[in-house]
Structures are given as structure tokens and as C-alpha cells.
Amino acid sequence: MTEIISEMLQERLKKLEEIKQAGINPYGGKFLRSHALDAKMEVGNRVSVAGRIKQLRGHGKTAFADLKDEKGKIQIYVSFDSLGEEQGNLFRKLDIGDFLGVEGEIFLTRTGEMTVKVEKFTLLSKSLRPLPEKWKGLKDVETRYRQRYLDLISNEEVKELFHLRSRLIRELREWLDKKGFLEVETPILQSVPGGAAGKPFKTYQDTLEMDLYLRIAPELYLKRLLVGGFEKIYELNRSFRNEGISTRHNPEFTMLEVYEAYADYEDMMNLVEELIVHLAEKLLGKKKIVYQGKEVDLTPPWKRLTFRQAMQDLYGVDIEEEDIKKLTDKLRSAGIKVEGNEVTRTGLVRLLERSLSATSPSPTFIIDYPAFLCPLAKKKNEKVAERFELFVAGCELANAYSELNDPLEQRERLKIQKGEEGEDGHLPDEDFVRALEYGMPPAGGLGLGIDRLIMLFTNSPSIRDVILFPQLRQGKNL
RNA sequence: GCCCCUAUAGCUCAGUUGGGAGAGCACCUGACUCUUAAUCAGGGUGUCCCAGGUUCGAGCCCUGGUGGGGGCACCA
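Scope of this entry: the structure provided in the associated data block. (Residues numbered from 1 in each chain as written. Chains lettered and ligands numbered in written order. Predicted model: local features only at pLDDT ≥ 70, side-chain atom pairs only at ≥ 80, totals over all residues. Heavy atoms only, no water.)

Observations regarding the overall build of chain A
In terms of regular secondary structure, chain A is built from 14 helices and 18 strands. For 478 residues, the compact-globule formula gives about 23 Å, and the C-alpha radius of gyration of chain A, at 29 Å, lies well above that figure. Its C-alpha atoms put chain A at 90 × 55 × 45 Å along the principal axes. Relative to its 478 residues, chain A shows a buried fraction of 48%. Excluding contacts between residues fewer than 6 apart, the proportion of contacts in chain A whose partners are at least 24 apart in sequence is 64%. The positive charge centre, built from 74 side chains, and the negative charge centre, built from 78, are 6 Å apart in chain A. (Helix = DSSP H or I, 4+ residues; strand = E, 2+ residues; numbered from the N terminus. Rg over C-alpha atoms; globule rule 2.2 N^0.38 Å. Buried < 20%, exposed > 50% of the residue type's maximum accessible area, 1.4 Å probe, protein only. Contact = heavy atoms within 4.5 Å. Lys, Arg positive; Asp, Glu negative; His and termini not counted. Charge placed at Lys NZ, Arg CZ, Asp CG, Glu CD.)

Overview of the pattern of salt bridges
Scanning the entire structure with this criterion turns up 35 salt bridges. We note a salt bridge from Lys68 to Glu156, for which the minimum N-O separation is 3.2 Å. Of the two residues, Lys68 is situated in strand S2 (residues 62-68) and Glu156 in helix H6 (residues 156-178); the sequence distance between them amounts to 88 residues. Given a relative accessible area of 32%, Glu156 falls into the partly exposed group. (Salt bridge = Lys/Arg side-chain N within 4 Å of Asp/Glu carboxyl O.)

Digging into the environment of Leu138
With respect to the secondary-structure elements, Leu138 resides in the loop between strand S5 (114-125) and helix H4 (141-146). Sequence separation between Leu138 and Leu152 is 14 residues; the distance between their C-alpha atoms is 9.5 Å.

Digging into the pairing of strand S10 (residues 232-240)
In terms of burial, S10 is largely enclosed, as 7 of its 9 residues are buried. Bridge analysis of strand S6 (residues 182-183) against S10 gives 2 bridges, and the strand direction is parallel. Looking across to S10, one finds that Glu183 is bridged to Tyr234. Looking at chain direction, S10 and strand S11 (residues 252-261) are connected through 9 bridges and run antiparallel. In the sheet register, Phe240 faces S11, and the bridge partner there is Glu252. (Pairing = 2+ DSSP bridges.)

Structure (C-alpha cells):
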């Protein structure tokens with residue numbers, strides 16, 4: 001394998017050497033373009049354009065090539081007679097993949113194609129490795145993820161997907177800004193990782209001589225800001241979880257967290273519904289979409305179902321009045337497989353994901369979770385917390401609650417949690433609790449999985465398809 | 001961590017029952033003054049993922065490993 005690469009490399013290295021011998025720099029600098037390749041050009045225009053050679057068709061004394069930039073492509077035509085010896089010799093050493101700047105006049109070929117008649121060209125970058133095949137492109141999933149640049153070069157729809165990702169994030173900011181939310185940034189390196197379940201990545205700061213963790217969520221810092229007097233804030237955050245990797249989980253992922261003082265989880269339900277509908281209309285131009293063969297209708301209002309009712313409907317289990325052990329027993333006696341000693345929150349989420357994807361792929365809010373599963377949420381009553389999760393097409397997309405602002409209760413519930421949690425740096429965050437002791441206004445808080453939302457909008461089966469450089473195991477040495 | 005699938009040329013892929021490693025594109029040599037998946041003539045460029053094993057003989061069968069994909073588990 002390396003043998004043949006080096007043979008193809010050899011060929012091009014030889015050309016590169018010859019170009020240098022001729023006193024030409026194969027890696028040119030700034031090149032002034034008159035037009036991007038999606039621009040309107042007319043016959044007779046003198047243009048100066050640049051791009052990568054995608055195809056090359058020699059015809060003896062002439063040649064055609066297709067030049068491509070980010071926006072589009074154009075054909076160029078070379079007549080060696082009129083190009084002169086030096087430029088002619090250089091042109092014959094060009095390959096598919098090279099970057100070129102050309103100057104010349106636009107004309108129409110016999111078949112009517114808009115073409116630049118090259119009067120002068122500049123080699124802007126010599127390519128040493130062959131590009132993926134022109135017709136079938138690059139399919140190998142591993143290469144597509146590992147060498148995303150090749151994927152972007154050969155698969156136009158991938159580039160479009162990431163354009164959409166970028167537009168979505170811009171729209172989302174604009175929408176929140178218009179609603180009066182302030183964008184803030186909080187620490188990624190935290191000494192006490194909190195605000196979610198999940199195992200953190202651990203690291204170390206030399207000067208301070210202290211252990212630090214990459215955040216698993218920004219939640220506890222954002223709530224400190226509520227204490228500080230900000231009333232409507234959000235953070236578009238990269239968070240990190242040191243756990244299993246799957247079609248829905250990348251170790252680093254993008255999330256939106258929103259907090260609004262004097263609001264509650266009902267307001268968050270309305271907010272996330274309005275936001276997602278807005279994004280769908282703006283970016284997709286429709287409210288009915290198809291995800292992996294399933295019809296998803298985003299038309300509001302979305303279905304709301306209490307957790308108790310959902311478990312009743314889906315499994316015939318009444319979970320009211322239960323603690324976690326009784327709940328586990330009930331699920332088991334209803335014939336539901338529960339691994340381990342007792343069911344976990346995620347176990348329940350997985351159950352809901354599977355059942356809801358079959359029965360109702362359209363958005364469904366599951367509301368009012370058992371309180372023991374929600375240590376940071378305000379209780380509605382003894383058994384139930386004011387929390388919801390949003391499921392769309394069998395995927396947990398958002399999670400929100402009325403924030404618990406009673407410091408004494410918060411300390412107790414984190415302690416209980418810590419007891420259940422055991423090791424792993426999951427101590428209660430004392431400074432966070434202290435902040436609550438100064439007083440935090442009641443608030444609604446929301447977390448929304450941005451990668452997953454983009455999966456939904458782009459009909460992508462895997463989270464790796466919507467992250468430019470997804471995490472993979474270390475491959476072979478190059 | 002467990003289970004299933006998968007790995008052949010730069011790319012996309014074929015490879016029969018275990019018997020000479022192939023095709024298209026790309027690439028190389030030559031021809032060609034409007035082609036556009038240019039065409040024509042010639043050329044195969046390979047650690048069949050890795051390491052063992054069975055066999056007279058392994059791309060193919062067996063065992064172990066590695067990468068990738070999917071599922072399960074884990075993810076207050």
C-alpha cells in the first residue's frame with residue numbers, strides 16, 4: 001500500500017522538482033480574484049479566477065480543465081501555441097488537485113459552455129497525492145471521518161450539511177439575542193465537574209498544581225450567574241463526557257443551555273418548541289420532515305405526556321408512589337428487561353426512546369419525572385419534579401426543569417446523589433450551594449443537544465456525520 | 001466490557017468449490033487544435049488489515065489481534 005503511494009508520490013515529486021528547477025515557485029501566494037466561481041460572467045469579460053483542478057483533458061496542442069472553488073466551478077481552455085513555451089511546459093506538469101489562478105477572457109465553446117481562455121496562469125499549490133475517484137467519490141466511512149478534508153472535497157452534500165450546521169447556530173444565536181438573552185462563557189476546566197451525570201475527563205494544571213476536569217455541563221456556573229443578577233442567559237457550549245461512544249454520543253458535543261429567571265419548566269417547553277419550529281422554518285422551510293424513514297411533524301403544539309402516563313400507556317406500569325427499588329421491581333414484573341440492580345435514569349430514557357420512536361416519532365414532551373431522578377430540579381410535590389425531556393424520532397433532544405433554588409434541599413439532594421454515585425470526583429459543589437445560599441431567583445433551565453438537532457434536520461443516522469472531526473480510535477501510523 | 005458484520009490497487013468494487021490477484025476511474029508512455037465521465041494504442045502500479053494455524057497449495061477455511069460499522073451495556 002505504501003509502495004504504491006510512494007510510486008504515485010514519486011511521479012509528482014519529480015514534477016515538483018522540475019518546476020522548482022525551472023525557477024517557478026509551486027506554492028504561490030496571494031492571488032487577486034475578480035470573480036468567485038458562482039459569479040455571473042459574460043462572454044468577453046476579462047476575469048481572474050482561482051480554484052482546484054478537478055478534471056484535466058489534454059488534446060495535444062490544447063487542453064481543457066475544470067477549476068473548482070468553494071462556490072462553483074468553471075472550465076478553462078489552454079492553447080499551447082498562444083500560451084508560450086514557459087507557461088506551456090508548466091501546464092504540462094499540472095495534475096488533478098493542483099490549485100491554479102488563471103487570467104483570461106470568457107468565451108463560449110462549440111457546445112455552449114462558459115469557458116476561460118487562459119492567457120496567463122499561476123500555480124498556487126502543487127498537489128502531491130491523488131484525489132479520490134471523480135465519479136464514485138469517497139465512500140469509505142473510516143477515511144471520510146479520519147480525513148474529512150477528502151470527504152469535503154469529493155462529497156458536495158457533506159459540505160452543504162456543514163453549511164447548514166453553521167447557519168443553524170447563527171440563527172439560534174440571533175433568535176435568542178432578539179428575545180433578550182445574553183450569551184455568556186463559563187469555565188470548561190472545572191475543579192468540581194457537575195450539572196449532569198457522566199464521567200468527566202481528568203486533567204492537571206501545572207502551576208496551580210491541581211486536578212481539573214473538562215466540564216460535563218455548564219449548568220452550575222450558569223446558575224451562579226442567576227445568583228449574580230443576570231436574568232436571561234445562554235451558553236452554546238462544548239461539553240465532554242468520558243463514556244461510551246455511539247451513533248448519538250461523541251465524547252465532545254455541542255449543547256445549548258438557556259436559563260431564564262422568574263420562569264419555570266413550562267416556559268422552557270414553550271421556548272424550545274418555538275425555537276425548534278423557528279429553526280425548521282428558517283432553514284428547511286417546512287415543519288414536516290422525514291428522519292430515517294419516519295415522518296416527523298414539528299407543527300405545534302407538541303404532545304405532552306406525564307412520565308407516569310407514558311409508563312402507563314407504554315408498559316401498563318403505574319409508577320406513582322414508588323421509590324427506585326419499587327419502580328425497578330414493577331418494571332421487571334411488567335416484563336421489561338432491567339440490567340443491574342436497579343433502573344437508572346438513562347435506562348428509563350432508553351426505554352422511552354425506543355417506545356416513543358415506534359409509537360410517535362413527532363416531538364413529545366415527557367414531563368414530571370420521579371423526583372429521585374432529578375437532584376437539581378424543583379419538586380412539584382413529594383414524588384415528582386418539574387422536569388421534562390423532549391423526544392423526537394426516538395432521540396432525547398432536550399432536557400429542562402424548574403431549577404431548584406432552595407440551598408438546604410439542594411445540599412441534601414446532592415449528598416444523596418453523591419452517596420449513590422460513589423467515587424470519581426462527584427462531590428457536591430459546595431461553592432455552588434453557597435451561591436444558592438445568597439439567593440437564586442426561581443428559574444427555568446434548558447439543555448438542548450445541538451448535534452442531535454442537526455442530525456434530525458439533515459436526516460443523518462449518526463452523530464459522526466454532523467461533527468467535522470468525530471472521535472475515532474488511533475489508526476495506523478502513516 | 002459483550003455480541004454481530006466488515007477490511008482486495010490511490011478511489012469505487014468483483015473475486016466461483018481451496019489451485020494463475022481482476023475491472024472501471026486515477027496513474028505512466030505515445031497520438032490528438034472545442035473537450036467535458038474526451039477519445040485511441042500500450043502499461044497493473046498489490047504486505048489481499050496484522051500474526052499464527054490447517055493444507056501439496058489460503059484472498060477464500062480455523063484461532064488470536066487491530067481498525068471501521070451496527071447493536072447491547074454504561075451515560076444523577
